[in-house]
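Chain residues, written in single-letter form:
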Amino acid sequence: MRPFVSAMFAVVASMFGPLAWAFDPFTVRDIRLVGVQRVEPGTVFGYLPVKVGERIDDQRAAQAIRALYATGLFNDVRLEVENDVLVVYLEERPSIASVEISGAKDIPAETMLKALSALGLAESRIFDRSLLDRAEQEIKRQYLARGKYAARVTATVTPQERNRVGIALAIDEGGDARITEIRIVGNQVFSERTLLDQLSLTTPTWLSWYTKTDQYAREKLAGDLERLRSFYLNRGYLEFAVISTQVSIDPDREGVYITINISEGERFTVSGFRFSGNTLGREKELDALMLVREGDVFNGQRLADSTRAMTELYGSIGYAFANVNAIPEVDRDKRTVFFNVNVDVGRRAYVRRINISGNARSRDEVIRRELRQFEGAWYDTDKIRLSRQRLTRLGFFTDVTIDTVPVPDAPDQVDLNVNVTERSTGTFLVGVGFSSTDSLILTASVNQQNFLGTGKSLALNVNTGRTQQTIDLRSTDPYFTADGVSRTFELYSRRFNADQLGLGDYRTLTQGVGLRFGLPYTEVDRVNFGVIYERNTLSLGTNAPVRFREYVEAFGESSWAVLGTLGWLRDERDSPLTPTRGLLMSSNVEFTLPVGDLRYVRANFDTQYYKPLTKDYTIGLYGSVARGLSWGDNLYPIFKNYYAGGIGSVRGFEAASLGPRDSDGFPRGGQSKLVGSFEFLFPLPGTGNEQIVRMFTFVDVGNVFADTINIGDLRYSAGFGLNWLSPLGPLKLSLGYPINRQPGDRTQRFQFQIGTGF
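Scope of this entry: the structure provided in the associated data block. (Residues numbered from 1 in each chain as written. Predicted model: local features only at pLDDT ≥ 70, side-chain atom pairs only at ≥ 80, totals over all residues. Heavy atoms only, no water.)

Below, the discussion takes up a nonpolar patch on the surface. A surface patch of nonpolar side chains, about 970 Å² in accessible area, is lined by Phe 451, Leu 452, Leu 458, Leu 460, Ile 471, Leu 473, Phe 489, Leu 491, Val 513, Leu 515, Val 531 and Tyr 533. Breaking the nonpolar patch down by element, the ones donating at least two residues are strand 20 (457-464), strand 21 (468-477), strand 22 (486-497), strand 23 (506-520) and strand 24 (525-540). Judged by relative accessible area, Leu 515 falls into the partly exposed class, the value being 33%. (Patch = residues over 30% accessible without salt bridge, like charges linked within 9 Å, V, L, I, M, F, W, Y side chains within 5 Å. Areas by Shrake-Rupley, 256 points an atom, 1.4 Å probe, with all protein chains shown as cover. Salt bridge = Lys/Arg side-chain N within 4 Å of Asp/Glu carboxyl O. Helix = DSSP H or I, 4+ residues; strand = E, 2+ residues; numbered from the N terminus. Buried < 20%, exposed > 50% of the residue type's maximum accessible area, 1.4 Å probe, protein only.)

Let us look at the sheet that holds strand 8 (residues 164-172). The sheet built from three strands is open, its strands ordered 6-8-7 with mixed pairing. The open sheet terminates on both sides in strands that have one partner only, identified here as strand 6 (95-102) and strand 7 (152-160). When the angles between neighbouring strand axes are averaged without regard to direction, this sheet yields 15°. Inspection of the sheet shows strand 6 paired to strand 8 by seven bridges, in the parallel sense. Each bridged residue has a counterpart across the sheet, and for Glu 100 the counterpart in strand 8 is Ala 168. Lying over the sheet, helix 4 (residues 109-119) contacts strand 6 and strand 8, oriented at roughly 150° with respect to strand 6. (Pairing = 2+ DSSP bridges. Axes fitted to C-alpha atoms, helices over the stretch in contact; angles between N-to-C directions. Contact = heavy atoms within 4.5 Å.)

Moving on to the sheet that holds strand 11 (residues 255-263). Here three strands make up an open sheet; going across it, the order is 9-11-10 and the pairing mixed. With one partner strand each, in any of the chains shown, strand 9 (178-185) and strand 10 (241-249) form the two edges of the open sheet. For this sheet, the mean angle separating the axes of adjacent strands, direction not counted, is 15°. Alignment of strand 9 against strand 11, held across seven bridges, turns out to be parallel. Directly across from Val 185, in strand 11, lies its bridge partner Asn 261.

Let's shift gears to the packing of aromatic side chains. Under the counting rule described, the total for this entry stands at 19 aromatic pairs. An angle of 25° between the planes, with centres 5.7 Å apart, marks the rings of Phe 298 and Phe 339 as stacked. Of this pair, Phe 298 sits in the loop between helix 9 (283-289) and helix 10 (300-315) while Phe 339 sits in strand 14 (residues 336-344), and the two are 41 residues apart along the sequence. Between Phe 480 and Phe 517 the ring centres are 5.9 Å apart and the planes differ by 50°, which places this aromatic pair in the tilted class. (Phe/Tyr/Trp six-rings, centres within 6.5 Å; stacked < 30°, edge-to-face > 60°.)

All right, on to the side chain of Asn 536 then. By secondary structure assignment, the location of Asn 536 is in strand 24. Here the side chain of Asn 536 touches Thr 510 through a polar contact of 2.8 Å, side chain to side chain. Here the side chain of Asn 536 touches Glu 534 through a polar contact of 3.3 Å, side chain to side chain. Not counting residues within four places of it along the chain, the set of residues in contact with Asn 536 comprises Leu 509, Thr 510, Glu 557, Ser 558, Ser 559 and Phe 639. (Polar contact = N/O pair within 3.5 Å; in protein donor to acceptor, adjacent residues only side chain to side chain.)

Looking at the secondary structure, you find Gly 623 in strand 28 (residues 618-630). Sequence separation of Gly 623 and Asp 606 is 17 residues, and the distance between their C-alpha atoms is 5.7 Å. Leave out the neighbours within four places in its chain, and Gly 623 touches Phe 605, Asp 606, Thr 607, Val 675 and Gly 676.

Okay, the environment of Gly 53 next. Along the chain, the position of Gly 53 falls in the loop between helix 2 (41-47) and strand 3 (55-56). Measuring from C-alpha to C-alpha, the distance between Gly 53 and Val 77 comes to 22 Å, with 24 residues separating the pair along the chain. Dropping the residues within four chain positions of it, Gly 53 is found in contact with Thr 27 and Val 28.

To continue, consider the pairing of strand 11. Where strand 10 lies against strand 11, eight bridges are found, and the strand directions are antiparallel. The partner of Ser 244 across the bridge, within strand 11, is Asn 261. Turn length for the strand 10-strand 11 hairpin, with the two strands adjacent in sequence and antiparallel, is five residues, and the turn residue Arg 253 shows positive phi of about 60°.

Nonpolar side chains tend to gather and get buried jointly when the protein is soluble and globular. Ranked by internal contacts, the top residues of the largest apolar core, which has 26 residues, are Leu 503, Tyr 506, Leu 538, Tyr 551 and Leu 598. Sorting the residues of this core by element identifies strand 22, strand 24, helix 13 (546-555) and strand 25 (558-571) as the ones contributing at least two each. A total of three residues in this core trace back to one element, the largest contributor, which is helix 13. The residues touching Tyr 551, leaving out its near neighbours within four places in the chain, are Leu 538, Gly 556, Leu 598, Pro 637, Ile 638 and Phe 639. (Core = buried A, V, L, I, M, F, W, Y, C linked by side-chain atoms within 4.5 Å.)

Helix 5 (residues 129-145) packs onto helix 4 with a crossing angle of 140° between their chain directions and a minimal axis gap of 10 Å. Comparing their axes, helix 5 and helix 4 come out oblique. Helix 4 and helix 5 meet at a crossing whose hand is right-handed. Side by side, helix 4 and helix 5 meet where Met 112, Leu 116 and Leu 119 of the first sit next to Leu 131, Arg 134, Ala 135, Ile 139 and Tyr 143 of the second. Each residue belonging to the contact of helix 4 with helix 5 can be placed in one class, and the counts come to seven nonpolar, no polar and one charged. (Parallel < 35°, antiparallel > 145°, perpendicular 65-115°, else oblique. Left-handed = near helix turned anticlockwise from the far one by under 90°. Nonpolar A, V, L, I, M, F, W, Y, C, P; charged D, E, K, R; others polar.)

Next up on the list: the pattern of salt bridges. Summed over the entire model, instances satisfying the criterion amount to 42 salt bridges. Linking Asp 472 and Arg 494 is a salt bridge whose minimum nitrogen-to-oxygen distance equals 3.9 Å. One end of the pair, Asp 472, is in strand 21; the other, Arg 494, is in strand 22, with 22 residues separating them in the sequence. On the basis of relative accessibility, which here comes to 33%, the residue Arg 494 falls in the partly exposed class. Residues Arg 651 and Asp 700 are paired through a salt bridge, measuring 2.7 Å at the closest nitrogen-oxygen approach. On the criterion of sequence distance, the pair formed by Arg 651 in the loop between strand 28 and strand 29 (652-653) and Asp 700 in strand 31 (residues 693-705) is long-range, its members being 49 residues apart. For the pair Arg 651 and Asp 700, a shared accessibility class is recorded, and that class is buried.

Topologically, Ser 717 is positioned in strand 32 (residues 715-726). Looking at Ser 717, its side chain comes within polar contact range of the main-chain oxygen of Arg 651, at 2.6 Å. Among all residues touching Ser 717, those that are not within four sequence positions of it are Val 650, Arg 651, Phe 653, Phe 698, Val 699, Asp 700, Tyr 737, Pro 738 and Ile 739.

Structure follows, in structure tokens:
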């Protein structure tokens, strides 16, 4: 038997050459594998650089061993020679039979298993101890990022039959490392308390269990340092700097101490500015956009807003890559700063092609018809921004991005890449809602907002409550014509039980079918018009109000009418669910055509206005005025009266309880209504600028009137409440206090509503 070639000898031979070990070359007559269990022989022969019939020496033997080791499949490789037969002895690495994680709470075990699989540590993969070590370190790093500095990971490798191993990772998460103290040193102008209020990280508060703001994270601290820098820059401290940050942990790894060392520098005022570069003769427009004026205290945010607005100005006339840079010239002796605003517009560009991606269900035309930037037209940032807003308002997508991409070798052309992330637009819901008015509400709906990817909507909604029951079938084609004229078909049945609200022992049934069209005439304005056939039925109980008994005696229990509708809507709000700015106005007129049993007209005007005071605080103003009249000698239908009181109207008073009363003492509603409200909205303390949960204080005013509006009869209330976009639906709570309660008024201080009725 020739001397065997081991892995060690081969490596030594490859490093020191023939002097270390001599191998008599021979021609390989055959190759035999020993120790192969799981790996296919063909796989080994594929990696082995030596073939039958070839000559082998010490150099090629070392090369063969290195090649087999490099596969990662073997723990040990050695070669022997028997009568010109090359014998390859292999010790396979074990495969992973299972990976189990225990003790994980803060990070789901499923998430960890996916991450480990991406590293190569998963069932049926080859076991590599180095990968297991990396996995342990990665898990610890993830826990450190969540503020769990005492987290420990214990890995156990258990051999199993057929050369397999089971891997068990036992995790002891430990306690959360809470921020015990935050100190800011070096400040002289602003108090430490004022500066700490700018940070998102805090020491423990009564809401820390929810906000997690007392858990240290490196990324959070970096963000807070930027907030601190912005705070000083916006108040004139141009040379503010964070000198150092120190983060220490107590011995039990559950307390974190943060020290931020800052240098405030001097406060600078603006001595002036000038425009340079290629301004295209638009100095007057640029000057109007400059928010930082001579004599003002320097404000970094205003300067950034100014240069951004200037860049967008040039972008709106085709200069896609315009660059506006405010270069400071600092005079430290006078504590002033002068800005040289340099403009480099580049070349004017037009849009060559618009590429759409991400729309697996929605057709391209559904997206393209919302775009206001067109191919072949000059690049326009205003139209691109409007295109993004229109796509977002569709409600079909969770995210919309429009990126500008230069065209290679064509400096005057750009492409726009429109990428959308689609959301599920088809829903089948069965839900439960509650309100202080209706108590239990059962709802069911089948709704497809983007039917077959065409942009059309189809919905069937069912609502059950003690007061109201509704079945509503609606279909809308938003582009019935290519110009954006919409068409809506509606079929509905609505029951109202007045006895549940204490309005009298009667019930109404309203059934109708209608066809409406919407005509857009600006980007935010739309005119609606249509026709509805409607039948109303009154069912009187034994204690029905006198006015209803008289009405039924004169006109019968059932009546029908053909209604014409005309409306206008303007919506400039930034969000329909959690608005912080913008205006919503709508007016609608409903009138009977000269057929049927009824002759009346109803008109209403509603408005909402939101204005942000800061990033956290918003004021909201709401108003509604309505009036109903009959034609000729006909009576105005009493089931078309307006009502006021309750949540959504004048809070603090019972729902629909305000206004005139009949001889039986029941609220009878009125032909006129006036309601207004003022709200001051702010985040729930401790939640940051979180729009999902907002608190508010309010002042309401309003009433309904038998005929004309009498300002002296208005009711007032004030209070506070909470809005929450909960998983069950929008939740609104209010605690209202009537200000000028009159004898006979019904009050209800606490009112709430959760879920949405149709």
